Amino acid sequence: MATTMTKEEKYKQMIETPINRLIPTLAVPTIISMLVTSIYNMADTFFVSQIGTSASGAVGVIFSAMAMIQAVGFTLGMGSGNNISRALGNREEDKAGEFAATAFFTAGMIGVLFWIFGTAFSKQMVYFLGATKTIAPYAQDYARYILIAAPFMMCSFVMNNILRAQGNATLAAVGITTGGILNMILDPILIFGFGMGISGAAIATMVSQMISFGILFYQCNFRGDCIRIQASNFHLKLKIYGQILHAGLPSFCRQGLASIAAVVLNFAAGPYGDAAIAAMSIVTRFMMFINSSLIGFGQGFQPVCGFNFGAARYDRVLEAYWFCVKVAVVMLTVFGTVAFIFSRPIITAFRREDLQVIEIGTLALRLQLLTMPIQAWVIMVNMLTQSIGYGFRASLVAMGRQGLFLIPALLIFPGIFGVLGVQMAQPLADVFTFLLATGIVMGVLKELKRLQEELALTRASEI
């Protein structure tokens, strides 16, 4: 039976364990949880796609709303998590507790507001998100239960990041993975067994999110090696919110712009019919599945990076970054190559009866898979800059892929190239984001080397 580590043992683990052992140890459970999350997102798309093309498109439309929920959850979660890692690295446990409580309770309140207003204006919301008249009824049915789950989803994102920030990635994975597996089991039972259609998929997601919330809440509050989420530590202080938002802004840019880009994508694909919206929805979900393995790996890197930056171990920050870059590029290249070969069967599995969905989706998927290696570089640059508190530069990188380049591409290229413009917008955005990220990270790496040299000189003068 595994023993619980003391906080001192956890601290030593984070700043002394060899990088090539520490990061995989933290990353493997996170990769599993991210893959399971992506699989159950794909499960919704897969099972709902069996109902019809319009129903499949509805999942893509409501994905935009879910991306907004994720944007808030990740902003507060990553923002508090990065501050928690640095606070613990600097042995400021009380400060870490304040970040945890503030992020958790804020997420819960925003989630409740999202549920209330989303439900009150659900019809206007689905059209705003890009639904067509044939997709809208399905989208409203799906959104009804997803909105109820919003507070639980937001708080779960926060707790997941709080646990990972302390080096407790396995505990975080238990909550996410359990909910994901439950969702995959409930989907076919409720959709087909009970004849609930698309509402059944949404109820399955809602229930699984509530179960995940309960498990994560227990992990955070009833283990001796975890920071407890206590109401007494919740303070409406501008300074605390400023620090959380500064560190979490890259996540907001990434997830928030992903939501906006998803809406723009729906409108860009709309003129080419429900099949185009459904096809791009399937491609988006599948690409999220592949990228989730890298994001999970990167999230194993982030607490190591934050801890060691807080402890002034700049040498380990640099070592961890280059180790992760090498692994990430190889990982996505392999995944991308295999998926490229089987692109058509992958799309066909979701919507076998609609040849138009298969044709549009296959080409879009192949074009996006071509940029897999450079996506690995971009994501690792984003995670490095965010973890060490370089919020503005991290935000620029995060904004590039889903905002600075993708949204303009979706607004311009479909008018010139038709549906091909929709299909090639994302890979073109990836290329420009790679160039931006490279320019930014070169400067950051130089700064880290300078800090390392200055620290070495200071210690030498003290001897």
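All of these numbers come straight from a predicted model, not from anything done at the bench. (Residues numbered from 1 in each chain as written. Predicted model: local features only at pLDDT ≥ 70, side-chain atom pairs only at ≥ 80, totals over all residues. Heavy atoms only, no water.)

### Thoughts on the overall build of the chain
Alright, step 1. Looking only at helices and strands, the chain has 18 helices and zero strands in total.
Alright, step 2. Over its C-alpha trace the chain gives a radius of gyration of 22 Å, about what one expects of a compact globule, namely 23 Å for 463 residues.
Alright, step 3. Projected onto the principal axes, the alpha-carbon positions of the chain cover approximately 75 × 45 × 45 Å.
Alright, step 4. Partitioning the contacts of the chain with sequence separation of at least 6, the portion at a separation of at least 24 is 84%.
Alright, step 5. For the chain, the centre of its 30 positive side-chain charges and the centre of its 22 negative side-chain charges are spaced 2 Å apart. (Helix = DSSP H or I, 4+ residues; strand = E, 2+ residues; numbered from the N terminus. Rg over C-alpha atoms; globule rule 2.2 N^0.38 Å. Contact = heavy atoms within 4.5 Å. Lys, Arg positive; Asp, Glu negative; His and termini not counted. Charge placed at Lys NZ, Arg CZ, Asp CG, Glu CD.)

### Examining the nonpolar core
Alright, step 1. Counting residues in hydrophobic clusters, the biggest one holds 148 residues, and the most contacted among them are Ile62, Ile84, Phe301, Tyr321, Leu384 and Leu448.
Alright, step 2. Top contributing element to this core by residue count: helix α11 (residues 274–310), with 18 residues.
Alright, step 3. Residue contacts for Leu448: discarding those within four places in its chain leaves Phe309, Tyr314, Val317, Leu318, Leu384 and Ile388. (Core = buried A, V, L, I, M, F, W, Y, C linked by side-chain atoms within 4.5 Å. Buried < 20%, exposed > 50% of the residue type's maximum accessible area, 1.4 Å probe, protein only.)

### Some thoughts on unusual backbone geometry
Alright, step 1. If you check the backbone angles, Ala312 has positive phi at about 60 degrees while not being a glycine.
Alright, step 2. Structurally, Ala312 is set in the loop between α11 and α12 (314–341).

### What about the packing of α11 against helix α14 (residues 355–369)?
Alright, step 1. One can describe the packing of α11 onto α14 by two numbers: an axis separation of 8 Å at closest approach and a directional angle of 35 degrees. At the point where α11 passes α14, the crossing takes the right-handed sense. Contacts between α11 and α14 involve Ala275, Ala276, Ala278, Ala279, Met280, Ile282, Val283, Phe286, Met287 and Ile290 from the former and Gln356, Val357, Ile360, Gly361, Ala364, Leu365, Gln368 and Leu369 from the latter.
Alright, step 2. Considered class by class, the residues forming the contact of α11 with α14 number 15 nonpolar, three polar and no charged. (Axes fitted to C-alpha atoms, helices over the stretch in contact; angles between N-to-C directions. Left-handed = near helix turned anticlockwise from the far one by under 90°. Nonpolar A, V, L, I, M, F, W, Y, C, P; charged D, E, K, R; others polar.)

### Here we look at the confidence of the model for the chain
Alright, step 1. Here the chain shows a mean pLDDT of 87. Residues at 70 or above account for 97%.
Alright, step 2. Averaged over each element, pLDDT in the chain is lowest for helix α1 (residues 7–16) (76) and highest for α14 (95). (pLDDT = per-residue confidence, 0-100.)

### Description of the environment of Val419
Alright, step 1. As for its placement among the helices and strands, Val419 is situated in helix α18 (residues 419–462).
Alright, step 2. Taking the C-alpha atoms as reference points, Val419 and Tyr272, separated by 147 residues in sequence, lie 6.9 Å from one another.

### Things to note about the packing of α14 against α18
Two packed helices can be described by the angle between their axes and the distance between those axes.
Alright, step 1. The N-to-C vectors of α14 and α18 enclose an angle of 25 degrees; their axes lie 8 Å apart at closest approach. Relative to α18, α14 is oriented roughly parallel. Considering the relative orientation of α14 and α18, their crossing is right-handed. Residues Glu359, Ile360, Leu363, Ala364, Leu367 and Gln368 of α14 form the contact with α18, whose participating residues are Val419, Leu420, Gln423, Met424, Gln426 and Pro427.
Alright, step 2. Looking at the contact of α14 with α18 residue by residue, the classes come out as eight nonpolar, three polar and one charged. (Parallel < 35°, antiparallel > 145°, perpendicular 65-115°, else oblique.)

### Re the environment of Arg144
Alright, step 1. Assignment of secondary structure puts Arg144 in helix α6 (residues 136–148).
Alright, step 2. A sequence separation of 25 residues divides Arg144 from Thr119, and the C-alpha atoms of the two residues are 6.5 Å apart.

### Observations concerning the side chain of Thr17
Alright, step 1. Within the secondary structure, Thr17 sits in the loop between α1 and α2 (19–49).
Alright, step 2. With sequence-adjacent residues up to four places away left out, Thr17 is seen in contact with Lys12, Leu22 and Arg316.

### Quick look at the side chain of Arg86
Alright, step 1. Locating Arg86 in the fold gives a position in helix α3 (residues 53–89).
Alright, step 2. A distance of 2.8 Å separates a polar atom in the side chain of Arg86 from the backbone oxygen of Ser387. (Polar contact = N/O pair within 3.5 Å; in protein donor to acceptor, adjacent residues only side chain to side chain.)

### Details of the pattern of salt bridges
Alright, step 1. One pass over the full model with this rule turns up six salt bridges.
Alright, step 2. Across the pair Lys237 and Glu98 runs a salt bridge whose closest N-O atoms are separated by 3.5 Å. Of this pair, Lys237 sits in the loop between α9 (197–221) and α10 (238–269) while Glu98 is found in helix α4 (residues 93–120), placing the two residues 139 residues apart along the sequence.
Alright, step 3. Relative accessible area serves as the criterion here: at 18%, Glu98 is assigned to the buried category. (Salt bridge = Lys/Arg side-chain N within 4 Å of Asp/Glu carboxyl O.)

### Some words on the state of the cysteines
Alright, step 1. For the structure shown, the criterion picks out zero disulfides.
Alright, step 2. With no disulfide partner, Cys155 has as its closest neighbouring cysteine sulfur the one in Cys220, 11 Å distant.
Alright, step 3. Residue class for Cys155 comes out buried when judged on its relative accessible area of 5%.
Alright, step 4. The structure places no disulfide on Cys324, whose sulfur is separated from the nearest cysteine sulfur, that of Cys305, by 8.8 Å. (Disulfide = S-S within 2.5 Å.)

### Focus on a nonpolar patch on the surface
Alright, step 1. Taken together, the side chains of Val112, Leu113, Trp115, Ile116, Phe117 and Phe121 present a nonpolar region at the surface, about 580 Å² in accessible area.
Alright, step 2. Structurally, Leu113 is set in helix α4.
Alright, step 3. According to the relative accessible area criterion, Leu113 is partly exposed, its value standing at 48%. (Patch = residues over 30% accessible without salt bridge, like charges linked within 9 Å, V, L, I, M, F, W, Y side chains within 5 Å. Areas by Shrake-Rupley, 256 points an atom, 1.4 Å probe, with all protein chains shown as cover.)

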